[in-house]
Amino acid sequence: MTVEPVSSTFSAEFFPQLVTNGFLEKGDPGEGSGKSFPVIAPASGARIGQVPEMGAAETRAAIARARASLDHWRGLLPKARAEILMKWHGLIRRHAADLAYIIHCEQGKSLQEAGREVVGALAYVEWYAEEAKRTYGDTIPTTDAKKRMFSTREPLGVVAAITPWNFPLALVVRKCAPALAAGCTVVLKPSEETPFSAIALLDLAARAGLPDGVLSLVFGRAEEIGQALCDSPEVRGLSFTGSTAVGRQLMSGSAATVKKLSMELGGNAPFIIFDDADVEAALEGLIASKFRNGGQTCVAANRIFVHGDIYERFIGRLVAKVMEKGDAGPLINRQAVVKMTRLVEDAERKGAVIRCGGRPRSRPGFYFQPTVLSEASPEMACFDQEIFGPVAALYRFSDEAAVLELANRGAAGLAAYVYTESLNRAWRFQERLAYGVVGINVGTTSCESAPFGGLNQSGLGREGGREGIDFYLETKYTCLGVPG
Ligand code: ADP
């Protein structure tokens, strides 16, 4: 489907709705702390609204609502849950332009990219509405003539979902849709940078007939909310997407109540281009991987290794493409711009050459020029750190074994990319890259039907695909005694 762009005024349907709900201009602090916090548009630096600041008390109340609604929700036929999810899908689709506009305003990506995010989100809702009906167990060949054995799958129970700001709609549904499909009830904490997409999604879920308490929203004091979620014995699972540091904190916080954990943590993607690659295809793939969403994706090319024989030619073409494409969209906030400046200065000090960009833009909002650095080396901070912005650092290599060692260096293991026309080499890299997602001659891989997730310290569990609903299900083994 295509999403019509909407006008650039706040005429989209949801904004008046949010105003009446007291979420936007009035800033009704709701119950609880009585405080609220502002939401800032990255494109202008201006405040676009404010939302109530919630903490532990509101989190505990949301958990209680999730617990109270669990028996009803898990007791529905999977088909009935699927029908509600498909109604939600229909409403998201009908309001696609409004949702894209909300994402665009609070997250900063272009309307076109925001439209693509809505389309991606729709695909996850549809996929898991379908999967709701397919949570099969097993019959197990017996080992004893007097016993029959089988396994069934049950919802995990109340689960918590904590999501970041880079895909404020898609990452919410990537967790909530399988959870709801499985029969779990959910307490969702979206990022404080981007609460409106989640508010709009919940509004639509209620209109779709999702019963009260099945999906609740909390945001505000992130650490306090995280603590309350971790401490609650009622919360049986926690699904988190965000930084490795916060992921570790949530893992240790969940130890006392032995929660099931799904963690999508940071990446540090190698993007390897061999001398036999289709250079135009590699360029296109690299630009999509590196500059989509202003470089703010956890699967973005972070370390770009280009074979020495094509290095200069490739950089020339890349710089031309980047200049031709023009300015990148805004980054999420001022700290992100400061981080880009710091990484570029560090790289330059250690011998990198700025081939284009390299500086923040002096205009309102949070902008950094699309940047290409050549002569990057592993001593630079951008080798180890997830850049999360429009800075492309290119490393020169000549030896296959050496580039594989560099690509696998470090604790991250989310996504890796390789461009080569050699089938043998492609397969060697598929087997040896220590990453959960491998792109061969492609720069973007995410979709609802494939399992997404990291190896090593990039995370635990998979989202999407057949596997994505597993986290929200428990397996129960039953052994039935039968007369001989
Ligand atoms: P990012 O750098 O992408 O913002 P974070 O890990 O800081 O990554 O944020 C991801 C999500 O985790 C956001 O919803 C954020 O509010 C939340 N978060 C941050 N700190 C904590 C914490 N201590 N406990 C629970 N959630 C947290």
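Right above here is the structure, for reference.
Residues numbered from 1 in each chain as written. Predicted model: local features only at pLDDT ≥ 70, side-chain atom pairs only at ≥ 80, totals over all residues. Heavy atoms only, no water.

Enquirer: What am I meant to see in the overall build of the protein here?
Expert: What the protein contains, in helices and strands, is 15 helices and 18 strands. The C-alpha radius of gyration computed for the protein amounts to 23 Å, which stays within 12% of the reference 23 Å derived for 484 residues, consistent with globular compactness. If one aligns the C-alpha atoms of the protein with their principal axes, the spans along those axes are about 75 × 65 × 40 Å. Taking all 484 residues of the protein together, 54% fall into the buried category. Counting contacts in the protein only where the partners sit at least 6 residues apart, residues at least 24 apart contribute 74% of the total. Summing over all exposed atoms, the protein offers an accessible surface of approximately 19,900 Å²; the carbon and sulfur share of this is 53%. Counting 53 positive and 54 negative side-chain charges, the protein places the centres of these two groups 3 Å from one another. (Helix = DSSP H or I, 4+ residues; strand = E, 2+ residues; numbered from the N terminus. Rg over C-alpha atoms; globule rule 2.2 N^0.38 Å. Buried < 20%, exposed > 50% of the residue type's maximum accessible area, 1.4 Å probe, protein only. Contact = heavy atoms within 4.5 Å. Areas by Shrake-Rupley, 256 points an atom, 1.4 Å probe, with all protein chains shown as cover. Lys, Arg positive; Asp, Glu negative; His and termini not counted. Charge placed at Lys NZ, Arg CZ, Asp CG, Glu CD.)

Enquirer: Can you walk me through the environment of Ile 48 in this structure?
Expert: With respect to the element layout, Ile 48 can be found in strand S2 (residues 47-52). In this structure the C-alpha to C-alpha distance between Ile 48 and Cys 105, which are 57 residues apart in sequence, comes to 8.0 Å.

Enquirer: Hey, could you run me through the site of the ligand in this one?
Expert: Taken together, 17 residues lie near the ligand, and Thr 163, Trp 165, Lys 189, Glu 192 and Ser 243 sit nearest. With respect to the ligand, the backbone of Thr 163 contributes an N or O atom lying 2.7 Å from an oxygen atom. Within the side chain of Lys 189, an N or O atom sits 2.8 Å from an oxygen atom of the ligand. Within the complex, the protein chains bury 77% of what would otherwise be the 550 Å² of accessible surface of the ligand. The set of elements that each furnish at least two residues to the shell around the ligand consists of helix H8 (222-231), strand S8 (235-241) and helix H9 (244-253). Of the residues assigned to the shell around the ligand, the class counts are seven nonpolar, seven polar and three charged. (Near = heavy atom within 4 Å. Polar contact = N/O pair within 3.5 Å; in protein donor to acceptor, adjacent residues only side chain to side chain. Nonpolar A, V, L, I, M, F, W, Y, C, P; charged D, E, K, R; others polar.)

Enquirer: What's the story with helix H4 (residues 96-107) in this structure? I'm lost.
Expert: One turn of the α-helix equals 3.6 residues, which is why residues spaced by three or four share an orientation. Along its 12 residues, H4 runs 16 Å from first to last C-alpha, staying within 8% of the 16 Å computed at 1.5 Å per residue. Across the 12 residues of H4, 11 count as buried, placing the element largely inside the fold. Gly 108 lies just past H4 and shows a positive phi near 105°. (Expected span 1.5 Å × (residues − 1).)

Enquirer: Can you walk me through the packing of aromatic side chains in this structure?
Expert: Ring pairs (aromatic) are described by centroid distance and by the angle formed between their planes. All told, the structure shown has nine aromatic pairs when counted by the stated rule. Both rings, one in Phe 383 and one in Tyr 395, keep their centres 5.6 Å apart while their planes meet at 70°; by these two values the pair is edge-to-face. On the criterion of sequence distance, the pair formed by Phe 383 in helix H13 (residues 381-384) and Tyr 395 in strand S14 (residues 391-397) is long-range, its members being 12 residues apart. An aromatic cluster is built from Phe 271, Tyr 417 and Tyr 419, whose rings are joined through pairwise contacts. Above the ring of Phe 383, the side-chain terminus of Arg 303 is found at 4.8 Å from the ring centroid. Sitting over the face of the ring of Tyr 367, Arg 361 holds its NZ or CZ atom 5.3 Å from the ring centroid. (Phe/Tyr/Trp six-rings, centres within 6.5 Å; stacked < 30°, edge-to-face > 60°. Lys NZ or Arg CZ within 6 Å of the ring centre and 35° of its normal.)

Enquirer: Mind showing me how you'd approach the state of the cysteines here?
Expert: Two cysteines form a disulfide when their sulfur atoms are joined by a covalent bond. Taken as a whole and assessed by the stated rule, the structure comprises zero disulfides. Not engaged in a disulfide, the cysteine Cys 230 finds its nearest cysteine sulfur in Cys 184; these two sulfurs lie 17 Å apart. Given a relative accessible area of 3%, Cys 230 falls into the buried group. (Disulfide = S-S within 2.5 Å.)

Enquirer: Would you explain the pattern of salt bridges in this entry?
Expert: A pair can form between side chains of opposite charge whenever their charged atoms are brought close. The tally for this structure, following the rule as stated, stands at 24 salt bridges. Between Arg 221 and Glu 224 there is a salt bridge; the shortest N-O distance is 2.7 Å. Classification of Arg 221 by relative accessible area gives partly exposed; the value is 27%. When its relative accessible area of 32% is taken as the criterion, Glu 224 is described as partly exposed. For Arg 317, the salt bridge is made with Glu 280, and the minimal N-O distance between the two is 2.7 Å. A residue pair is termed long-range when its members are at least 10 positions apart, and Arg 317 in helix H11 (residues 311-325) and Glu 280 in helix H10 (residues 279-291) qualify at 37 residues. On the basis of relative accessibility, which here comes to 31%, the residue Arg 317 falls in the partly exposed class. Among the charged side chains, a salt-bridge network with shared partners connects Asp 276, Glu 400, Arg 425 and Arg 428. (Salt bridge = Lys/Arg side-chain N within 4 Å of Asp/Glu carboxyl O.)

Enquirer: Would you mind showing me how to read the packing of helix H5 (residues 111-131) against helix H6 (residues 170-182) here?
Expert: The axes of two packed helices give the description: the angle between them and the distance between them. One way to put it is that H5 packs onto H6 with a least axis distance of 9 Å and a crossing angle of 10°. Regarding the angle of H5 to H6, the classification is roughly parallel. Two secondary-structure elements touch here, H5 through Glu 117, Ala 121, Tyr 124, Val 125 and Tyr 128 and H6 through Ala 170, Val 173, Arg 174, Ala 177, Pro 178 and Ala 181. Looking at side-chain class alone, the contact of H5 with H6 contains nine nonpolar, no polar and two charged residues. (Axes fitted to C-alpha atoms, helices over the stretch in contact; angles between N-to-C directions. Parallel < 35°, antiparallel > 145°, perpendicular 65-115°, else oblique.)

Enquirer: Even after reading the chapter, I still don't get the environment of Tyr 417, so can you show me in this structure?
Expert: Relative to the assigned elements, Tyr 417 resides in strand S15 (residues 415-419). A C-alpha to C-alpha distance of 15 Å links Tyr 417 and Phe 291, two positions 126 residues apart in sequence. With residues up to four places along the chain from it excluded, the contact list for Tyr 417 reads Ala 269, Pro 270, Phe 271, Ile 272, Ser 289, Val 299, Gly 439, Val 442, Gly 443 and Thr 445. Among the polar contacts made by the side chain of Tyr 417, one reaches the main-chain carbonyl oxygen of Val 299 at a distance of 2.7 Å.

Enquirer: What should I look at first to understand the pairing of strand S13 (residues 371-374) in this one?
Expert: Two faces belong to every sheet, and in a regular strand the side chains alternate between them. Of the two faces of S13, the one carrying Thr 371 and Leu 373 and the one carrying Val 372 and Ser 374 are both buried. Relative to S13, strand S12 (residues 353-356) runs antiparallel, the two being bridged by three bridges. Across the sheet, Ile 354 pairs through a bridge with Leu 373, a residue of S13. Where S13 lies against S14, three bridges are found, and the strand directions are parallel. Residue pairing across strands places Thr 371 opposite Val 391, the latter belonging to S14. (Pairing = 2+ DSSP bridges.)

Enquirer: Explain the packing of helix H3 (residues 78-94) against H6 here, please?
Expert: Put simply, H3 and H6 touch, their axes get as near as 8 Å, and they point 150° apart. If you check the angle between H3 and H6, you find them roughly antiparallel. The handedness of the crossing between H3 and H6 comes out as right-handed. From H3, Arg 81, Leu 85 and Trp 88 reach across to H6, where they touch Val 173, Cys 176, Ala 177, Leu 180, Ala 181 and Ala 182. (Left-handed = near helix turned anticlockwise from the far one by under 90°.)

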